[in-house]
Amino acid sequence: MAGRLKAEDRKVQIVAEVLRLADEIGPDRLSTTDVARAVGLSQPAIFRHFPTKGALWLAVAEDIAARLREDWAAAEARAATPETRLKAVIESQLTAIARTPALPSILFSRELQVDNVALRDVFRGLLSTFQARLVAALRDQQETGDLRRDVDAEDAALLFSSLVQGVAIRWTLGARGFCLVKEGLRLLDIQLDMLRPR
């Protein structure tokens, strides 16, 4: 059995193991028995910290959401211009996916899409926040004349968030055979170039 940890520290450990195992065996195949074994606890001990498997997944989603929001805010704080702000937020998202490779699988799992409405709502809210940050940066670029004004900023933000999702799926399906961040930023530069005034 694992050494005694404070309840909050144990919850952090359990969430981290769920993310690791979700990458290793897939979120839909992951059981609380797998998690218990990984952290050195009994299955009933897992349920003392998280009363249901749904509550465990919700804690995982909230942990991911909190870390992503911190990453985005830090990226924006370092940026000097609207364009560097846009690139920094997208780079931070790609970096987070590379750091937590289970993320695309969790987003497209049955657990999210069908069985756990609260989990789906957390990720929908997160996507909405990400989109809003991109829209704000794009509108600021339009104000400075760096991007065409005839392109709707919300449509462009959808294009960029779809780029992130697409390259992440390609990275996942391709056995992570390329640098996700580098490839994502390369494609971002191509898309941005198409939106610049001529």
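Note that the structure is predicted; figures quoted are calculated from it, not measured.

Side-chain pairing between opposite charges can occur once the charged atoms of the two side chains come close. Enumeration according to the criterion identifies 18 salt bridges in this entry. A salt bridge links R67 to D63; the nearest nitrogen and oxygen atoms lie 3.0 Å apart. Placement of both R67 and D63 in helix α4 (residues 53-78) is noted, with a separation of 4 residues, approximately one turn of the helix. The exposure class of D63 is partly exposed, given its relative accessible area of 29%. Residues joined by salt bridges that share partners form a network here, namely E83, K87, D189, D193, R196 and R198.

As annotated by UniProt and renumbered to match this structure, "domain: HTH tetR-type" (unreviewed entry) occupies residues 8-68. For residues 8-68, helix accounts for 80% and strand for 0%, while the C-alpha atoms at its two ends are 20 Å apart.

A few words on α4. Given 3.6 residues to a turn, an α-helix orients residues that are three or four positions apart in the same direction. Look at α4: 38 Å from first C-alpha to last across 26 residues, which is about the 38 Å you get at 1.5 Å a residue. Among the residues of α4, L56, W57, A59, V60, A61, I64, A65, L68, W72 and A75 are the ones counted as buried.

With respect to the secondary-structure elements, A88 resides in helix α5 (residues 82-99). Separated by 63 residues in sequence, A88 and I25 have C-alpha atoms that sit 31 Å apart.

Following the UniProt record, the feature "DNA-binding region" (unreviewed entry) maps to residues 31-50 here. Between the C-alpha atoms that bound residues 31-50 the distance is 13 Å, and the span itself is 75% helix and 0% strand.

To continue, consider α5. With 18 residues, α5 should cover 26 Å at 1.5 Å per step; its first-to-last C-alpha distance of 25 Å lies within 8% of that length. Those residues of α5 lying buried are P82, E83, R85, L86, A88, V89, I90, S92, Q93, L94, A96 and I97. Buried residues belonging to α5 abut α4, α6 (103-107), α8 (117-143), α9 (153-173) and α10 (180-194).

Time to look at the packing of α5 against α9. Close contact between α5 and α9 brings their axes to 11 Å; oriented N to C, the two are set at 25°. Between α5 and α9, the crossing angle belongs to the class labelled roughly parallel. In this structure, α5 crosses over α9, and the sense of that crossing is right-handed. Contact residues: L86, I90, Q93, L94, I97 and A98 in α5; F160, V164, V167, A168 and W171 in α9. Among the residues forming the contact of α5 with α9, the class breakdown is 10 nonpolar, 1 polar and no charged.

Before going further, it helps to spend a moment on the nonpolar core. Among the nonpolar cores identified, the biggest contains 56 residues, and I14, I90 and F160 are the most heavily contacted of them. Those residues within four positions of I14 in sequence are excluded, and the remaining contacts are V35, V39, L41, I46, H49, F50 and L56.

Turning our eyes to something else, we now look at the environment of L147. Mapped onto the elements, L147 comes out in the loop between α8 and α9. Residue class for L147 comes out buried when judged on its relative accessible area of 5%. The spatial distance from the C-alpha of L147 to the C-alpha of R196 is 4.5 Å, given a sequence separation of 49 residues.

Counted under the stated rule, the structure contains 1 aromatic pair. Here the aromatic rings of W72 and F130 are separated by 5.2 Å at their centres, their planes lie at 35°, and the arrangement is tilted. Linking W72 in helix α4 with F130 in helix α8, this pair joins segments that are 58 residues apart in sequence. Take W72 and F130: they sit in the same class, and that class is buried. Directly above the aromatic system of F50 lies the positively charged group of K11, at a separation of 5.8 Å from the ring centroid. Stacked on the ring of W171, the Lys or Arg R176 has its end atom at 5.3 Å from the ring centre.

What counts, and where the lines are drawn
- Residues numbered from 1 in each chain as written.
- Predicted model: local features only at pLDDT ≥ 70, side-chain atom pairs only at ≥ 80, totals over all residues.
- Heavy atoms only, no water.
- Salt bridge = Lys/Arg side-chain N within 4 Å of Asp/Glu carboxyl O.
- Helix = DSSP H or I, 4+ residues; strand = E, 2+ residues; numbered from the N terminus.
- Buried < 20%, exposed > 50% of the residue type's maximum accessible area, 1.4 Å probe, protein only.
- UniProt positions renumbered as here; feature names shortened; annotations may be inferred.
- Expected span 1.5 Å × (residues − 1).
- Contact = heavy atoms within 4.5 Å.
- Axes fitted to C-alpha atoms, helices over the stretch in contact; angles between N-to-C directions.
- Parallel < 35°, antiparallel > 145°, perpendicular 65-115°, else oblique.
- Left-handed = near helix turned anticlockwise from the far one by under 90°.
- Nonpolar A, V, L, I, M, F, W, Y, C, P; charged D, E, K, R; others polar.
- Core = buried A, V, L, I, M, F, W, Y, C linked by side-chain atoms within 4.5 Å.
- Phe/Tyr/Trp six-rings, centres within 6.5 Å; stacked < 30°, edge-to-face > 60°.
- Lys NZ or Arg CZ within 6 Å of the ring centre and 35° of its normal.

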